[in-house]
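Observations on the three-dimensional arrangement
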Amino acid sequence: INFTLIPPGEEFSFNKAMGKVDGSTGFHQAYVIRAGSTLMEFGGGVCQVSTTVFRAMLDAGVNITRRLPHSYRVRYYELNNQPGFDATVYSGEVDLRFINDTPAYLLIVAEADSAAAHMTVKIYGTSDGRHSEIDNYKQWGYTAPPPPQDIHDPSLAPGQRRQVENAIPGLKTSFDWKVYRDGEILHEKTFFSHYRAWGAKFLVGI
């Protein structure tokens, strides 16, 4: 993602910029959310990057064309923020995209400090006077998490028990996003998120 250049009029695709995701390209296996389950796959944790890119896109006021929320709330996306500002990615159409509707190239610069668990994404370009605003944030539809679930894991010693997921309530959120230039609205969207209630999960050795 770092140093990705987007020409004027072109669409940025997170998945395309990231490229192939498997062991041959340096990815490690970690937990991903797929088909209503949390599984170990290559590229787990990539959504930390896509979420940070999405927030930079909101600030930059570019023409956001695709964004999808996670199936359930992820706590560290809510540090110093409200639920509903995340963006999930996976192969195919589960993607994050925007069109560069500015008059010049855009450059994405991404930096990560693993020790501090901190990431920064900036989008550089030629200013055309636009600015973005977020308002009308809403939360509703709270649902309690289901009971905890045990999952047999043959890699663990018999009787060993390890928690891999926390109980998280379900929630629906929305916010309005507007981009202005010279008093006129360039872009106007409402971003909705529907998070399922998620129960605690434990891996249990057999």
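Structure: see above.
Residues numbered from 1 in each chain as written. Predicted model: local features only at pLDDT ≥ 70, side-chain atom pairs only at ≥ 80, totals over all residues. Heavy atoms only, no water.

1. Considerations on the packing of aromatic side chains
- All chains considered together, the criterion is met by eight aromatic pairs.
- Between phenylalanine 85 and tyrosine 137, the aromatic rings sit 6.0 Å apart at their centres with planes inclined by 20°, giving stacked as the arrangement. Here phenylalanine 85 is found in the loop between β5 (63–66) and β6 (97–99), whereas its partner tyrosine 137 is found in strand β9 (residues 131–143), with 52 residues between them in sequence.
- On the basis of relative accessibility, which here comes to 9%, the residue phenylalanine 85 falls in the buried class.
- Here tyrosine 137 falls in the partly exposed class, since its relative accessible area comes to 25%.
- These aromatic residues form a ring-pair network of at least three members: Phe54, Phe85, Tyr137, Phe175, Trp177 and Phe191. (Phe/Tyr/Trp six-rings, centres within 6.5 Å; stacked < 30°, edge-to-face > 60°. Helix = DSSP H or I, 4+ residues; strand = E, 2+ residues; numbered from the N terminus. Buried < 20%, exposed > 50% of the residue type's maximum accessible area, 1.4 Å probe, protein only.)

2. Some thoughts on the side chain of aspartate 95
- Relative to the helices and strands, aspartate 95 is located in the loop between β5 and β6.
- Within the local environment of aspartate 95, its side chain forms a polar contact with the backbone nitrogen of phenylalanine 14, the two atoms lying 3.3 Å apart. (Polar contact = N/O pair within 3.5 Å; in protein donor to acceptor, adjacent residues only side chain to side chain.)

3. Let's talk about the nonpolar core
- In this structure, Phe54, Met57, Leu58, Ile64, Leu96 and Phe98 are the most contacted members of the largest nonpolar core, which totals 28 residues.
- Every element with two or more residues in this core is listed here: α2 (47–60), β7 (106–113), β8 (118–124) and β12 (170–181).
- If one sorts the elements of this core by residue count, α2 sits on top with six residues. (Core = buried A, V, L, I, M, F, W, Y, C linked by side-chain atoms within 4.5 Å.)

The values are spatial; any link to function lies outside them.
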